[in-house]
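Coordinate analysis (summary)
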Amino acid sequence: MTQTVQLPLWLFILIVLFAMVTALSHFLIPSVRWFFRRRLEKAVKQLNTRLKRPIEPFKLARRYDMIQRLIYDPEVSKEIVNYARQNGVPENVAFEKARDYAREIVPSFSAFTYFSFAIRVARLLVKSVYRVETADGNAATFDAIPKNATVVFVMNHRSNMDYVLVTYLAARDSALSYAVGEWARVWPLSWLIKSLGAYFIRRRSRGDLYRKVLARYVQMATAGGVNQAFYPEGGLSLNGRLQAPKMGLMSYLVEGFDPEGERDVVFVPVAINYDRVLEDRVLIAADQRGDRRFGARITVIVGFILHKLWQRLTRQETRFGAAAVAFGAPLSLREDGVGRPVEVMLDELMDRIARTMPVPVVPLLCHVLLESGPLDEAALEAGVAEAMARVPKANLVVKAEALEREIARRLKGMKDRELIELHDGRWQVSRGQEPVLRFYANSIAHFLEGDAATAK
């Protein structure tokens, strides 16, 4: 028992390494995790005192625990059995398939990443590119929703900046969970998006097992009080108009709702409009081709960000005008939705979005130039004022006293982009740029019915 044992140096080092790894995994790492988790819980508790709608425990649950809960859910288990029977595979193979889907869907929300990093980046990006305008009644609309209700923002989709804009605006009130398409499933973007609480969805998946796993996750999150946001159009508008809604996520929310439960689900229609959509030409090109293949290159995106950063550092004007957000009248699932078809509720929400749509200056300019141009500046201003008179006052982004100054700024921006030109003292649409102006005019065409210029 006391004899000396000789070992090669490499083997001794290997034994020591194994011993260190064992000590770390069994003693040190759990203690470190416990320490940081306690710190995080205290930080979240303090954060919740500042938020109008505190972060619910469901959102803070460990990702591993959520995946286990999801794949062992009774409804998912039934679908696993059906999948195995229909595809002639063992149930353990179907179970692993469901586990893969759950890992793909379930986010790993980080309160630190969301509130310390993402919100600051969103604020910097939004304020660098736009002048943010919000409707006067937004705060009152949000505050009137019962505190124990799950809020679901139902938004039109104009730009990928929509995510950044609404995240920034909602940061003072709550943390949002987004449904994000497959475009973002690339590393490291996928890691960042999941840490912000977003979950990925496959737009084209037709498998019953995948749909069941996704439906149960959405229903669990809703029952757990996680405030969410989704785009019923299912993708970016290619022509500027509101698109027909898709029932997917909405049907999951309605099917999983318990009218007798303690939580109501309140849908808040959110209308978003811009003086300039960053991807406008990409979207218009896709519409003209008749597909949804977006040809934006990463080099173009990086170049744009660097250019904006340089403009900011050199104190140049970096903003493209207004980015406007307005909340419509909320729809309570308990009071207004029980027993109603999903299609009817979606149509009503889209109608509320349309009626709430903000009206910036550029869409008004585009409408007037397409209908009546070429016009001198005085006639153009008069045409814009006439169009504004046909729009509900609450929807207007620009005030009457600032109209002349704002028109001059937006005309300069459109001229710099070569969308319009000044010829013999009159503003007119540049050759070949009609589709771009129509893209913007279409966003408010429902307020100005009967205009041939915006019909397509």
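In the nomenclature of an unreviewed UniProt entry, the protein corresponds to Glycerol-3-phosphate acyltransferase from the organism Sulfitobacter sediminis. Under the heading Subcellular location (unreviewed entry), UniProt records this for the protein: "Endomembrane system". The Pathway (unreviewed entry) field of the UniProt record for the protein holds the comment "Phospholipid metabolism; CDP-diacylglycerol biosynthesis; CDP-diacylglycerol from sn-glycerol 3-phosphate: step 1/3."

Moving on, we come to the overall build of the protein. A count of helical and extended segments in the protein gives 19 helices and 10 strands. Out of the 456 residues belonging to the protein, those deemed buried represent 48%. Across the protein, every contact between residues at least 6 apart in sequence was considered, and the portion connecting residues at least 24 apart equals 76%. Accessible surface for the protein amounts to roughly 24,300 Å². Of this, 57% is attributable to carbon and sulfur atoms.

A complete count under the given rule lists seven aromatic pairs for this structure. Look at Phe-439 and Tyr-440: their rings are 5.3 Å apart centre to centre, the planes differ by 85°, and that puts the pair in the edge-to-face class. Relative accessible area serves as the criterion here: at 1%, Phe-439 is assigned to the buried category. The class for Tyr-440 is buried, based on a relative accessible area of 2%. Ring pairing ties together the aromatic residues Phe-142, Phe-153 and Phe-327, which thus form one cluster. Over the ring of Phe-320 we find Arg-276; its NZ or CZ atom is 4.2 Å from the centre of that ring.

Attention shifts here to the packing of helix α17 (residues 377–389) against helix α18 (residues 403–416). Their axes nearest at 11 Å, the elements α17 and α18 cross at an angle of 115°. Between α17 and α18, the crossing angle belongs to the class labelled roughly perpendicular. Crossing geometry of α17 relative to α18 is assigned as right-handed. Along its contact with α17, which presents Glu-377, Leu-380, Glu-381, Val-384, Ala-385 and Met-388, the element α18 presents Leu-403, Glu-404, Ile-407, Ala-408 and Leu-411. Taken together, the residues that form the contact of α17 with α18 break down as eight nonpolar, no polar and three charged.

What follows covers the environment of Arg-319. Among the secondary structure elements, Arg-319 is positioned in the loop between α13 (298–313) and β7 (322–327). Owing to a relative accessible area of 38%, Arg-319 belongs among the partly exposed residues under this scheme. When the C-alpha positions of Arg-319 and Arg-131 are compared, they lie 6.8 Å apart, and in sequence the two are 188 residues distant. Setting aside chain neighbours within four positions, we find Arg-319 in contact with Lys-127, Ser-128, Val-129, Tyr-130 and Arg-131.

Positioned with a positive phi, Glu-418 is a non-glycine residue whose angle comes to about 65°. Looking at the element boundaries, Glu-418 is found in the loop between α18 and β9 (420–423).

Glancing now at the nonpolar core. Grouped together as the largest cluster of nonpolar side chains are 126 residues, with contacts concentrated most on Tyr-178 and Phe-267. Ranked by residue count, the leading element in this core is helix α10 (residues 208–223), at nine residues. Among residues more than four places away in sequence, those in contact with Tyr-178 are Met-155, Asp-162, Tyr-163, Val-166, Thr-167, Gly-197, Ala-198, Tyr-199, Ala-229 and Tyr-231.

Turning next to the pattern of salt bridges. When charged atoms on two side chains of opposite charge get close, those side chains can pair. Taken as a whole and judged by the stated rule, the model has 13 salt bridges. One salt bridge in this structure joins Arg-216 and Asp-73, with 3.0 Å as the shortest N-O distance. Of this pair, Arg-216 sits in helix α10 while Asp-73 sits in the loop between α3 (63–71) and α4 (74–87), and the two are 143 residues apart along the sequence. With respect to class, Arg-216 is no different from Asp-73; both count as buried. Between Lys-412 and Asp-416 there is a salt bridge whose closest N-O contact spans 3.1 Å. In this pair, Lys-412 and Asp-416 are both assigned in helix α18, four residues apart and thus about one turn of the helix distant. Take Lys-412 and Asp-416: they sit in the same class, and that class is exposed.

As a further point, take the packing of α10 against helix α11 (residues 248–255). Viewed as axis vectors pointing N to C, α10 and α11 meet at an angle of 60°, and their least axial separation amounts to 9 Å. Here α10 is positioned oblique relative to α11, judged by the angle of their axes. Crossing of α10 over α11 shows right-handed handedness. Of the residues in α11, those in contact with Arg-211, Leu-214, Ala-215, Val-218, Gln-219 and Thr-222 of α10 are Leu-249, Tyr-252, Leu-253 and Glu-255. Taken together, the residues of the contact of α10 with α11 break down into six nonpolar, two polar and two charged.

The rules behind the values
Residues numbered from 1 in each chain as written. Predicted model: local features only at pLDDT ≥ 70, side-chain atom pairs only at ≥ 80, totals over all residues. Heavy atoms only, no water. UniProt positions renumbered as here; feature names shortened; annotations may be inferred. Helix = DSSP H or I, 4+ residues; strand = E, 2+ residues; numbered from the N terminus. Buried < 20%, exposed > 50% of the residue type's maximum accessible area, 1.4 Å probe, protein only. Contact = heavy atoms within 4.5 Å. Areas by Shrake-Rupley, 256 points an atom, 1.4 Å probe, with all protein chains shown as cover. Phe/Tyr/Trp six-rings, centres within 6.5 Å; stacked < 30°, edge-to-face > 60°. Lys NZ or Arg CZ within 6 Å of the ring centre and 35° of its normal. Axes fitted to C-alpha atoms, helices over the stretch in contact; angles between N-to-C directions. Parallel < 35°, antiparallel > 145°, perpendicular 65-115°, else oblique. Left-handed = near helix turned anticlockwise from the far one by under 90°. Nonpolar A, V, L, I, M, F, W, Y, C, P; charged D, E, K, R; others polar. Core = buried A, V, L, I, M, F, W, Y, C linked by side-chain atoms within 4.5 Å. Salt bridge = Lys/Arg side-chain N within 4 Å of Asp/Glu carboxyl O.

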